[in-house]
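For reference, the chains in residue letters:
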Amino acid sequence: MSELAGKTALVTGSSRGIGAAIAKTFAANGAFVLLHGRDRSALAAVEAGIRDAGGQAASYTADLTRPAEIDAMLRKIDSERGPIDILVANAGGAFARPGLIEDIDPEEWNASIAGNLTATFLTVRAVLPAMKARGSGNIITLSSAAARKPYPVAPVPYAAAKAGVQIFTQDLAAQAGPFGVRANCIAPETILTERNRERIPPERQEALVRDHPIPRLGRPEDISEAALYLASDRSSWVTGVILDVAGGAVLV
Ligand SMILES: NC(=O)c1ccc[n+]([C@@H]2O[C@H](COP(=O)([O-])OP(=O)(O)OC[C@H]3O[C@@H](n4cnc5c(N)ncnc54)[C@H](OP(=O)(O)O)[C@@H]3O)[C@@H](O)[C@H]2O)c1
């Protein structure tokens with residue numbers, strides 16, 4: 001269980017949900033995990049859980065839509081923990097309601113682009129130069145099944161933002177590969193995070209299961225295991241991939 005021993009991994013949006021699961025899996029596999037979010041008490045709970053399990057972690061806060069906050073966080077990380085080997089740009093969310101394109105609120109559109117595509121861009125932009133200078137690094141981004149195929153009641157701003165994350169990651173892989181930096185993207189279908197358990201009524205969860213050839217919804221650990229593969233040397237010749245972790249619901 002030491003595949004990531006000696007590595008420092010920044011997992012954005014790890015105060016809860018998928019990011020917290022990735023952080024726990026990376027810590028259990030030997031990484032020093034830099035937790036990130038905005039909710040300090042949620043971060044403290046994740047950090048305590050990792051330490052109680054024998055892992056190593058420290059917590060940092062920044063609003064990832066604000067470049068100055070990202071820069072300040074990275075300066076703090078650099079002085080306290082040194083270079084970042086692995087970045088999981090996981091923070092994001094669906095900041096728009098599903099519905100017709102003509103009904104989309106421009107504010108929800110902008111929030112979806114800012115909170116997913118721009119936040120991923122700003123984070124990668126800030127972390128990449130040091131990775132290239134060191135000649136090694138590993139970046140994992142988060143898309144969504146929403147960006148893998150059209151769906152009549154999709155949250156379109158979110159889907160468009162995540163589709164942007166996908167081509168951004170592939171351009172990143174093409175540019176940074178010669179500098180020893182890999183970049184891959186995970187596209188999850190519905191994952192039963194604590195928030196989704198609350199948001200999606202049980203009867204809707206049962207209906208969603210029927211869309212999956214592997215008949216269940218996702219667990220945060222389904223994503224953290226995929227992230228571990230992409231973060232480790234087991235995938236050393238894999239870059240620019242969009243990895244559907246979707247129980248077979250996305251066959252493209
Ligand atoms: N859950 C799913 O079914 C699913 C499916 C497909 C894709 N995804 C993607 O997977 C990623 C994680 O999803 P999740 O369901 O685990 O989300 P979640 O439970 O809502 O957690 C989101 C995390 O991102 C952080 N965050 C969001 N916006 C931020 C901002 N502007 N600045 C800093 N931190 C920010 C939150 O921090 P605080 O709460 O501390 O503020 C939190 O840690 C997202 O990119 C999401 O789009 C999720």
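These numbers were taken from a predicted model, which means no experiment stands behind them.

Cut-offs used in this document
- Residues numbered from 1 in each chain as written.
- Predicted model: local features only at pLDDT ≥ 70, side-chain atom pairs only at ≥ 80, totals over all residues.
- Helix = DSSP H or I, 4+ residues; strand = E, 2+ residues; numbered from the N terminus.
- Rg over C-alpha atoms; globule rule 2.2 N^0.38 Å.
- Buried ≥ 20, exposed ≤ 12 C-beta atoms within 10 Å, placed from the backbone.
- Near = placed C-beta within 6 Å.
- Expected span 1.5 Å × (residues − 1).
- Contact = placed C-beta atoms within 7 Å.
- Core = buried A, V, L, I, M, F, W, Y, C linked by C-beta atoms within 7 Å.
- Pairing = 2+ DSSP bridges.

1. Looking at the overall build of the protein
Now for step 1: Secondary structure assignment for the protein yields 8 helices and 7 strands.
Now for step 2: Its C-alpha atoms give the protein a radius of gyration of 17 Å, near enough to 18 Å, the size a compact globule of 252 residues would have.
Now for step 3: Reported as C-alpha extents along the three principal axes, the dimensions of the protein are approximately 45 × 35 × 35 Å.
Now for step 4: Within the protein, the fraction of its 252 residues that count as buried is 44%.

2. Remarks on the site of the ligand
Now for step 1: Near the ligand lie 27 residues; those nearest to it are Gly 13, Gly 17, Gly 37, Arg 38 and Gly 92.
Now for step 2: Listed by contribution, the elements that provide at least two residues to the shell around the ligand are α1 (17–28), α4 (106–134) and α6 (194–199).
Now for step 3: Here the shell around the ligand gets 3 residues from one element, more than from any other, and that element is α1.

3. Notes on helix α2 (residues 40–52)
Now for step 1: End to end, α2 covers 18 Å across 13 residues, agreeing with the expected 18 Å (1.5 Å per residue, within 8%).
Now for step 2: Buried-residue contacts for α2 involve α1, β2 (32–37) and β3 (56–61).
Now for step 3: Once α2 ends, the next one or two residues include Gly 54, with phi positive near 90°.

4. Comments concerning the environment of Ser 2
Now for step 1: Looking at where Ser 2 falls in the secondary structure, it is placed in the segment before β1 (8–11).
Now for step 2: On the neighbour-count criterion, Ser 2 (9 C-beta atoms within 10 Å) is exposed.
Now for step 3: Taking the C-alpha atoms as reference points, Ser 2 and Gly 30, separated by 28 residues in sequence, lie 4.7 Å from one another.
Now for step 4: Sequence-distant contacts of Ser 2, that is, excluding residues within four places in its chain, are made with Asn 29 and Gly 30.

5. Some details on the nonpolar core
Now for step 1: Judged by nonpolar contacts, the single largest core of 66 residues is most densely connected at Ala 9, Ala 23, Phe 26, Val 33 and Ala 227.
Now for step 2: Top contributing element to this core by residue count: α1, with 7 residues.
Now for step 3: Those residues in contact with Ala 227 that sit more than four places away from it in its chain are Ile 22, Val 88, Ile 140 and Ile 186.

6. A short note on the pairing of strand β7 (residues 242–245)
In summary, the side chains of a regular strand alternate between the two faces of the sheet.
Now for step 1: The two faces of β7 differ: Ile 242 and Asp 244 on one face are buried, but Leu 243 and Val 245 on the other face are not.
Now for step 2: Alignment of strand β6 (residues 181–188) against β7, held across 4 bridges, turns out to be parallel. Among the inter-strand pairings, Ala 187 is bridged to a residue of β7, identified as Asp 244.

Purely geometric numbers; function is a separate question.
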